[in-house]
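Chain residues, written in single-letter form:
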Amino acid sequence: MSMYQVKPVSPDIKIDLPTCMYKLPNIHTRQENSCSSDHALQNGDVDPAVRALEVRQDEIMRKLYELKAAVEGLAKTVTTPDADLDVTVSSSLSSQSSSCDIFKATKNLDALLGKDLGALRDIVINANPAQPPLTLLVLHNLLCQHYRVLSTVHVHSSVSSVPPQLLSCLGPKHADSYARHMFQLGFTLIWKNVPKLEMKFSVRNMCPIEGEANVARFLFKLLAPYPSDPAVATLVDSWVDTAFYQLADGSAKERAAVLRALDSALGRGPWLCGTEFSLADIACYCCLSQNGSTSATAANVQRWIKSCENLGHFGPAKLLLK
Amino acid sequence: MTKEEANGATEEEQQAQSKKALKKQQKEAEKAAKKAEKQAKLAAEQQSADEDDFAKDRYGVSAMVQSQQKPDRALVRVEDLTPQKVDQLIWLRARVHTSRAKGKQCFLVLRQQQFNVQALVAVGDRASKQMVKFAANITKESIVDVEAMVRKVEQKIESCSQQDVELHIERIFVISQAEPRLPLQLEDAVRPDGDGEEEGRATVNQDTRLDNRVIDLRLPKTTTSQAIFRLQSGVCQLFRDTLTKKGFVEIQTPKIISAASEGGANVFTVSYFKSSAYLAQSPQLYKQMCICADFDKVFCVGPVFRAEDSNTHRHLTEFVGLDIEMAFNYHYHEVIDSITDTMVQIFKGLRDNFQTEIQTVSKQFPSEPFKFLEPTLRLEYTEALAMLREAGVEMGDEDDLSTPNEKLLGRLVKEKYDTDFYVLDKYPLAVRPFYTMPDPNNPKYSNSYDMFMRGEEILSGAQRVHDPQLLTERALHHQIDLEKIKSYIDSFRYGAPPHGGGGIGLERVCMLYLGLHNVRQTSMFPRDPKRLTP
């Protein structure tokens, strides 16, 4: 070498490298060695090993979530009778579509509503915006699961304006709503200044039905028949009336009495009228929540409220109450 | 007896004559004396009258206003006569609604459009007996200039619009005198139609009203005509405002055209220099050309001429058409939504801002208030057929709705949905004009719609055919001469967007909104096959 060589200044000094740090391969030496495309770190590409790791991690997380959901579902099933697969749970699972097993028979609309004259059978409900009919919203939800229902909301000229949640209470507009004849049933809700809720269906053959309880009974019959045992049917009817006359419209004393009755009835079974979910449960739940008395109640009633909510049909009603 | 006898006789005669003459003279003298006495008396009275008429220059018939002078005088409006103006000396010009003399006083009611006020001329130091007499004799409807002191009244004057004050007249001049015999009496014209027949008092029938529109329209707002036309003005205003807010452009289309647009039968022909032309039946063609010229959304307000020989309660040969046309993106329901929203905004505007007018009209022509739904109810033709069949009407699937069926359908819809305004969609293709777009899924039906108010049709509209090929096919199918509509078809050959629209008649909408029964009540100077004046 032609350069001037300097003798090492300090011979044999031992350097203790710290062992707690990562050891990186020497960047410079690597450069000289490689010809393989091992490292191609261009444009933010991830090292395939890291990618594989990420994929594994995602897989594990997904399985964890599924497990969690399944456990929750099972927990709810244990506490809530009659719900094999919960609507709220199924929406978090990817592929399953739940069918509501509560109402097992799909009825023949022609038998119930009269001969099909080739046009949409439109049920018209006139409701006062000051007292939104929660039971009917719940029943509408159930109807939509059974039939192709065209739902529309109108505001009558007797009412000057209506809060926006009342306009969207029947859910988003169906994609095919421009073609009325493609639907089996029409559900037209008109917010109007009426003293009492009324329903009109066939003006020639039917007189208007007045009162939320009666309209609820009519709509429920489209979903499932009343229990065949007359005693149970009467019980359902009496609970519906109690709900509307005493829970919704009654004084505080009456309401307290009803709550006590509810408590004792629910002590005997999971639902108000035995082992089947019925109109009575829908009516009582809605009237209770309208009063806001869902919080401070007895244990049985609390359990029953939770079961109702787990069924997922009361979603629209709860939205409206917010 | 000879001459002497004759003489004697003539003497006698003469004597007799002179006696007669004397008597005659005497009589004449008496008469003259009496006459003189009378004249003297009259003169004396006159003089005394003249002497007593110290107010001679404070009343009278003014010379015709030919713009002789320009006095710096402010005239107060009757509606501004409130207790704030008490003890002020003001001038005003109004019509004499009534005048009633009572001994030494004369009560007048002075009217200006819908406002009226009580005025008083009393014998005193400002007014003389002659002035009171003059005031009492002013004919009704004359226009007068009055200088008066505004005075507060203890008891409210119920019969006038200005109830807290009355005028004490100091000077009154007639500016324009009305003839003493009016062709119709205001009290009669104001009376609701039903009442008069029962009590035997006269009501005025429609023809008399229309022949004397000038007086008929003067009826103050406490009755009807002004209210109806103010409401009509409101409809037009709301139409323009709503559409402008939605981004529409107002266009003016020609009314003298070369080819009949809707069909040859109902069109007026005019001589056009050496050839002839037609009066436009609708601005259809020009609206569509504007859309092809990329105006996107247009509307126009203008007269429409239909030579239909129909003498019904709802047809006029000339009326004001409010027409809309717009391009849409994918579905013609966008057009329906736009039109129905405009109509609902108009109804809301009328409901919120014109309640006094609506109440005024319903006092003379009682009817139910107009009801509607928002968003507007839209039924399909098949549903309407089902409803009518259920009610016992027999109709084929592709039949058009006759007028009684339309009315029945209106009643059925009102019973079920409680709305006076709705849209009927998907009419059968066979009953619509050739430029209507057929339904894509069912060739029997079309993308067309009608809108109804109180069971009567007010708008006919559709998605238009924008493809020249299909348009030619449809025209041939309807056996229309292609030569006559060549320019129409040509306008779509250079790229035309899908579009649709419709048109309403202003008079019919007003009539149906107020629940009146004849479209002539909402047209100021109506035209029909039997009426060309005023």
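Per an unreviewed UniProt entry, chain B is named Aspartate--tRNA ligase, cytoplasmic, and its organism is Poecilia formosa. In UniProt, chain B has this text filed under Subunit (unreviewed entry): "Homodimer. Part of a multisubunit complex that groups tRNA ligases for Arg (RARS1), Asp (DARS1), Gln (QARS1), Ile (IARS1), Leu (LARS1), Lys (KARS1), Met (MARS1) the bifunctional ligase for Glu and Pro (EPRS1) and the auxiliary subunits AIMP1/p43, AIMP2/p38 and EEF1E1/p18." A UniProt comment under Sequence similarities (unreviewed entry) is attached to chain B, and it reads "Belongs to the class-II aminoacyl-tRNA synthetase family. Type 2 subfamily."

In the annotation of an unreviewed UniProt entry, the entry for chain A reads Aminoacyl tRNA synthetase complex interacting multifunctional protein 2, and the organism field reads Poecilia formosa.

Structural notes on the overall build of chain A
Of the regular secondary structure elements, chain A holds 12 helices and five strands. Every one of the 322 residues in chain A was classed for burial, and the buried ones make up 39%. When contacts within chain A are restricted to residue pairs at least 6 apart in sequence, those whose partners lie at least 24 apart make up 73%. Summed over its atoms, the accessible surface of chain A is roughly 19600 Å², and 56% of this surface lies on carbon and sulfur atoms.

Comments concerning the interface of chain B and chain A
Every contact between the two is made by 24 residues of chain B and, on the other side, 27 residues of chain A. Of the roughly 2300 Å² buried between chain B and chain A on both sides combined, carbon and sulfur atoms contribute 51%. Counting the contacts that link chain B with chain A gives two salt bridges. A salt bridge links D418(B) to K192(A), with the nearest nitrogen and oxygen atoms 2.5 Å apart. Applying the counting criterion to the chain B and chain A interface returns 15 residue pairs in polar contact (both at pLDDT 80 or more). Residue assignment for the side of chain B that touches chain A shows that the elements contributing at least two residues are α9 (333-353), β13 (373-374), β14 (377-380), α11 (381-390) and α12 (403-417) of chain B. Class assignment for the residues of the side of chain B that touches chain A results in 10 nonpolar, four polar and 10 charged. Where strand β2 (residues 149-156) of chain A and β13(B) come together, two bridges link them in antiparallel fashion.

A look at the nonpolar core
Residues and elements named next belong to chain A. Judged by nonpolar contacts, the single largest core of 70 residues is most densely connected at I125, L139, L219, L272 and W304. When we break this core down by domain, the ones giving at least three residues each are domain 1 (109-222) and domain 2 (230-319). Once residues within four sequence positions are removed from consideration, W304 is found in contact with L266, P270, W271, L272, D281, C284, Y285 and L288.

What about the packing of helix α7 (residues 212-223) of chain A against helix α8 (residues 230-248) of chain A?
Residue and element names in this part refer to chain A. Contact pair α7 / α8: the axes reach a minimum separation of 9 Å and the direction vectors enclose 145°. For the pair α7 and α8, the crossing hand works out as right-handed. For the pair formed by α7 and α8, the contact residues are E212, A213 and R217 on the first element and D237, V240, D241 and F244 on the second. Residue composition of the contact of α7 with α8, by class: three nonpolar, no polar and four charged.

Quick notes on the rules
Residues numbered from 1 in each chain as written. Chains lettered and ligands numbered in written order. Predicted model: local features only at pLDDT ≥ 70, side-chain atom pairs only at ≥ 80, totals over all residues. Heavy atoms only, no water. UniProt positions renumbered as here; feature names shortened; annotations may be inferred. Helix = DSSP H or I, 4+ residues; strand = E, 2+ residues; numbered from the N terminus. Buried < 20%, exposed > 50% of the residue type's maximum accessible area, 1.4 Å probe, protein only. Contact = heavy atoms within 4.5 Å. Areas by Shrake-Rupley, 256 points an atom, 1.4 Å probe, with all protein chains shown as cover. Buried area = accessible area lost by both parts, 1.4 Å probe. Salt bridge = Lys/Arg side-chain N within 4 Å of Asp/Glu carboxyl O. Polar contact = N/O pair within 3.5 Å; in protein donor to acceptor, adjacent residues only side chain to side chain. Nonpolar A, V, L, I, M, F, W, Y, C, P; charged D, E, K, R; others polar. Pairing = 2+ DSSP bridges. Core = buried A, V, L, I, M, F, W, Y, C linked by side-chain atoms within 4.5 Å. Domains from an automatic or database assignment. Axes fitted to C-alpha atoms, helices over the stretch in contact; angles between N-to-C directions. Left-handed = near helix turned anticlockwise from the far one by under 90°.

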